[in-house]
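An overview of the molecular structure
The lines below spell out each chain.
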Amino acid sequence: MLLAARDATGGQRARDIIERASRTWGRPKAAIRQIGGTLGSWEGPAGLQADYEDGWVAEGGVDFGGADLSPSSLQLVRGDFALFVLNHSGVLLASGRAGGYRPVYVAWPGPELVIACTHLSPLLDLLPQRPPLDLDHLSASLLIYGPKCPESTPYAGIRRVPTGEAWLVRPGAHPQRWSTVAPLLDGELRDDGDLANLLRRAITEATRRSTQNAARLAVEVSGGLDSSMLLSVLVSLARTGEIALPPAAFTYESEAPPWHDDRPHLRSLEDHVDLRVHRVTPTDASASVGQLMVIDAMPAPWPMLSAAKTTGRVARAQGVDVVLVGEGGDQVLDGNPRLFGELARKGEIGRGLDGALRTRGAIYQGPVERLARFFLTLLNPLLPRSVLRGLRRLRRRSPRWVGADLVRHMDVFEEPAEPPATLSESPGERYARLTRWPSFSRWSLMRLQEELVGGYTLRAPLLDDDLLRFAATLPPLSLMQGGFLRGLMREAMRGLVPEDLRLRETKGTSYFFTEQTLAMAGGLDVLAGLADVRMLADLGLVEPRQFREFFDGFRGSNDPDATYDDLWRVLSVEAFLRQHAGESPVRPA
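Residues numbered from 1 in each chain as written. Predicted model: local features only at pLDDT ≥ 70, side-chain atom pairs only at ≥ 80, totals over all residues. Heavy atoms only, no water.

1. Side note on a nonpolar patch on the surface
A cluster of nonpolar side chains, contributed by Leu357, Leu371 and Phe375, occupies part of the molecular surface with about 230 Å² of accessible area. Relative to the assigned elements, Phe375 resides in helix 12 (residues 367-379). In this structure Phe375 comes out as partly exposed when scored by relative accessible area, which is 40%. (Patch = residues over 30% accessible without salt bridge, like charges linked within 9 Å, V, L, I, M, F, W, Y side chains within 5 Å. Areas by Shrake-Rupley, 256 points an atom, 1.4 Å probe, with all protein chains shown as cover. Salt bridge = Lys/Arg side-chain N within 4 Å of Asp/Glu carboxyl O. Helix = DSSP H or I, 4+ residues; strand = E, 2+ residues; numbered from the N terminus. Buried < 20%, exposed > 50% of the residue type's maximum accessible area, 1.4 Å probe, protein only.)

2. Side note on the pattern of salt bridges
Enumeration according to the criterion identifies 45 salt bridges in this entry. Each of Asp80, Arg102, Arg447, Glu451 and Arg459 takes part in salt bridges that share partners, so that together they form one network.

3. Examining the sheet that holds strand 4 (residues 48-51)
One open sheet holds the six strands; their spatial order is 4-5-6-7-11-12, and the pairing between them is antiparallel. Each edge of the open sheet carries a strand with a single partner, namely strand 4 and strand 12 (176-179). Taking the axes of each pair of neighbouring strands and ignoring which way they run, one obtains an average angle of 20 degrees across the sheet. Where strand 4 and strand 5 (residues 56-63) come together, four bridges link them in antiparallel fashion. The partner of Ala50 across the bridge, within strand 5, is Val57. (Pairing = 2+ DSSP bridges. Axes fitted to C-alpha atoms, helices over the stretch in contact; angles between N-to-C directions.)

4. Observations concerning the sheet that holds strand 2 (residues 30-34)
Taken together, six strands build an open sheet; the order of strands is 2-3-1-9-8-10 and the sheet is antiparallel. Each edge of the sheet is formed by a strand with only one pairing partner; in this case those strands are strand 2 and strand 10 (158-160). Strand-to-strand twist across the sheet, computed as the mean angle between neighbouring axes with direction ignored, equals 15 degrees. Bridging between strand 1 (residues 2-7) and strand 3 (residues 37-41) involves five bridges; their strand directions are antiparallel.

5. Description of unusual backbone geometry
Even without being a glycine, Leu69 presents a positive backbone phi close to 70 degrees. Here Arg486, not a glycine, exhibits a phi torsion of approximately 55 degrees, which is positive. Inspection of the secondary structure assignment puts Arg486 in the loop between helix 17 (465-471) and helix 18 (487-492).

6. A closer look at helix 22 (residues 544-552)
Of all the residues in helix 22, the buried ones are Gln546, Phe547, Phe550 and Phe551. What you see down the axis of helix 22 is that its buried residues fit within an arc of 145 degrees, all on one side. Those residues of helix 22 that are buried are in contact with helix 23 (564-580). (Arc of directions from axis to C-beta. Contact = heavy atoms within 4.5 Å.)

7. Observations regarding the pairing of strand 11 (residues 165-169)
Sheet faces and side chains relate simply in a regular strand, where the side chains alternate between the two faces. Taken across its five residues, strand 11 has four buried, putting it largely inside the fold. Inspection of the sheet shows strand 7 (residues 90-95) paired to strand 11 by three bridges, in the antiparallel sense. The residue of strand 11 that forms the bridge with Leu92 is Leu168. Relative to strand 12, strand 11 is paired through four bridges, and the arrangement is antiparallel.

8. Structural notes on helix 5 (residues 225-239)
Here helix 5 contains 15 residues, and its C-alpha end-to-end distance of 21 Å stays within 8% of the 21 Å for a straight helix at 1.5 Å per residue. Burial of helix 5 is extensive: 12 of the 15 residues sit out of reach of the surface. Taken as a whole, helix 5 has its buried residues at Leu225, Asp226, Ser227, Ser228, Met229, Leu230, Leu231, Ser232, Val233, Leu234, Val235 and Leu237. Positioned one or two residues after helix 5, Gly241 has a phi angle of 80 degrees, which is positive. (Expected span 1.5 Å × (residues − 1).)

9. Concerning the side chain of Thr153
Within the secondary structure, Thr153 is located in the loop between helix 3 (135-141) and strand 10. A polar side-chain atom of Thr153 sits 2.9 Å from the main-chain carbonyl oxygen of Ile158. In contact with Thr153, other than residues within four places in its own chain, are Tyr105, Asp134, His137, Ile158, Arg159 and Arg160. (Polar contact = N/O pair within 3.5 Å; in protein donor to acceptor, adjacent residues only side chain to side chain.)

10. Quick notes on the packing of aromatic side chains
The geometry of an aromatic ring pair is captured by the separation of the ring centres together with the interplanar angle, meaning the angle of the planes. Tallied over the entire structure, the rule returns nine aromatic pairs. Between the aromatic rings of Tyr511 and Tyr564, the centroid separation amounts to 4.9 Å while the plane-to-plane angle is 40 degrees, which identifies the pairing as tilted. Highlighted residues: Tyr511 in helix 20 (residues 511-521) and Tyr564 in helix 23, separated in sequence by 53 residues. Accessibility expressed as a relative area gives 18% for Tyr511, which makes it buried. For the pair Tyr564 and Trp568, a centre-to-centre distance of 6.4 Å together with 75 degrees between the ring planes defines the contact as edge-to-face. Within this pair, Tyr564 and its partner Trp568 are both found in helix 23, separated by four residues, close to a single helical turn. Trp568 gets classed as buried once you look at its relative accessible area, which sits at 5%. (Phe/Tyr/Trp six-rings, centres within 6.5 Å; stacked < 30°, edge-to-face > 60°.)

In structure tokens:
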């Protein structure tokens, strides 16, 4: 954990802040004091770095790359980190780009003091009084889509430094802001038959960077494409001596229908890399169900956190401190079949239609669906904006339990549509699109909460900023090489994983693990104490009767549109509101 305080009265109040934190967290591992400000750092899962002479502390792995710690030089800094720098002007706050982003929270308790922290709960404890809730933020938290402010938190008056920015904060003043994202000026690569080899090297380098400062590594592996490739790359690095110890591996294993069953592919991978994967089962995870709805003074809407708690115990027993995950492969390397419609509009009708019909993957399950998507993309530019907006709203229709005040929030703060990807985009424009991926913010919070539960550092090599920059230079149609989503990646994986896995068109899901974990814990009754959503109802955000029907519908429901993620989002906000009001987050039904 990093903590910074700066005051306008000589620094005594800033020093007092660190002393107060020390009563709860113990003495800081590093403390840096200058006139007007103090930095403190406490050991946590991500690890720490500090430089007393230059006045900075960092959480995670940071490579300065020649940066002189001025705001304009931070575009040179790489890694998975949060960074606090104390200087004569204030406190400079920065974080890694893309998947290396770590949240930094800032509060101004009064005109003469500013406090920043990498965790929300300790920051709240240091404020003279709890700030009011930010209802817009909580409203946005209830739905997977919709408007979300990247600076907001559940509390009015506490802001979060957004991904891709550095802030200089001081008492009584708005933050000064700089972009930490360097524009991508590289040109598009030529498809000369060697792109798969280049991609393989880029993924290997991203994985190698993710091993920084690790005593022992592990992979959360499922038998899917992304995590399987990461495990195979780590095994190769261990065999060549580039990492000291062979990696460990964990999986969350449950019964699933054939289309979603990862188990055969995982067994095939184990034989291929000659490594046994530790199975975390629904029975293992069931003891924690319902206990992890609020973490770090925020809603924790991730059903799989109960499994992460079990993984943490296994990781500690095996000496693992850094766990890699395959997050981001879909977003970065899938490819976009809608581009075949643009190809047809440019006159290459046969090539466009052939590409649309041939390209397959887990989300394009049959030729009829592929053809429908092709013609929709073909007609897209001809449709009025009002029709497109209506189609988007139809796809994102509100759940029946949405309350009147949540509807107003969604109407007032309607999220602008991202312009569609095009074949004419430059690599710089593609890279900018990747960095605007809205789930970076969601991933960073999920990562932080899993680290707190599991006690290990979580890293996502496929969201590595340098890998994103390389991926943006790939010709967009090349990503679907061979008629597959992630086709170029599949070719890059040749030899690293078994063929049945490399060419799989099915996709696993956490739905069945969550379902079976709940069954082992006693069913939905373990969460029934939250299902009246009385506090959300008091705020006008959720209709309690309709939500109860939605909740009860999970008992034996096969509704493909109903996911446990939807359920957890609402129940975790309800649990958060109860904890904020001084109640137990969960009470017996």
